[in-house]
Amino acid sequence: YAQHVRDRTGLEQHLRAVAKEEAATLAQTFERARGLALLTAHNPAFRDFYTAPGSRESKIRERVPASQEVNEALTHLVRLDPLIIGEAGFVDASGAEIARVVRGIYAAPGELSADETDAPYFGPVLARGTGQVYQTTPFISDHTGEWVISYATRMPTPDSVGNAVVHFEV
């Protein structure tokens, strides 16, 4: 019986140590994701999209250089951790998608959603200040079909209102 108790105690201690290590790893992953969101939001490509001539719709439809730069910025974000980040997007305050990249593939202009306001990240991130990151609870992604957590942040826009959103799914 004494050996059984020692074995069980040793196993419990080992499992506690493993759980503590895994919790620390998970916390580091979440912190890294928050950092990536903030860093990406300051990429000049997003600001430049708003300062480029033309309407949002025409810039998206015609794939002007500003739109291409946004897609490249999102692709760069996905490449920072391609095994973890499945989707990245840029959405304006009305909820209209400006760009989306899923597993490195750009969404065609006709595939972009006109209304992302029901997305789990959208309302809560707009309620936060620029420079803050909102982390959703897990949900099933519409575009990857996987369980994900979305990280979203309002980004500084040229008018300093900060109502555009950069988000990605982990």
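See the structure printed just above.
Residues numbered from 1 in each chain as written. Predicted model: local features only at pLDDT ≥ 70, side-chain atom pairs only at ≥ 80, totals over all residues. Heavy atoms only, no water.

K.L.:
Please clarify how empty space enclosed by the protein should be interpreted in this entry.
P.N.:
One water molecule sets the probe size; rolling that probe over the atoms shows where empty space is left. On inspection of all chains with the given rule, the structure shows 1 cavity of 30 Å³ or more. One number sums up the size of the largest cavity: a volume of about 50 Å³. Contributing to the lining of the largest cavity are Ile60, Arg63, Ser67, Asn71, Ile98, Ala99, Ala107 and Leu112. Counting only elements with at least two residues in the lining of the largest cavity, the list comes to α4 (65-80) and β2 (97-102). Residues of the lining of the largest cavity, tallied by class, amount to 5 nonpolar, 2 polar and 1 charged. (1 Å grid on protein atoms, 1.4 Å probe; cavity = no way out; pocket = protein on both sides within 12 Å on 5 of 7 lines; lining within 4 Å. Points joined across faces, edges and corners; volume = space filled by probe spheres on them. Helix = DSSP H or I, 4+ residues; strand = E, 2+ residues; numbered from the N terminus. Nonpolar A, V, L, I, M, F, W, Y, C, P; charged D, E, K, R; others polar.)

K.L.:
Quick question: what am I supposed to make of the sheet that holds strand β8 (residues 164-169) here?
P.N.:
Strand-to-strand pairing in sheets goes through backbone hydrogen bonds, with the strands running parallel or antiparallel. Ordered in space as β3-β2-β1-β8-β7-β4, the 6 strands form an open sheet in which the pairing is antiparallel. In this open sheet, the two edge strands, each paired with only one partner strand, are β3 (105-106) and β4 (133-135). Where strand β7 (residues 150-155) meets β8, 6 bridges bridge the pair, whose relative direction is antiparallel. Bridge assignment links serine 150 to a residue of β8, and that residue is glutamate 169. Across the face of the sheet, helix α2 (residues 44-51) comes into contact with β1 (87-91), β2, β7 and β8 while running at roughly 35° to β1. Lying over the sheet, α4 contacts β1, β2, β3 and β8, oriented at roughly 40° with respect to β2. (Pairing = 2+ DSSP bridges. Contact = heavy atoms within 4.5 Å. Axes fitted to C-alpha atoms, helices over the stretch in contact; angles between N-to-C directions.)

K.L.:
What am I meant to see in the layout of surface pockets here?
P.N.:
In this structure, the largest pocket occupies an estimated 210 Å³ of space. Glu116, Ala119, Pro120, Asp142 and His143 are, among the 15 residues lining the largest pocket, the residues nearest its centre. For the lining of the largest pocket, the secondary-structure elements that each account for two or more residues are β5 (139-140) and β8.

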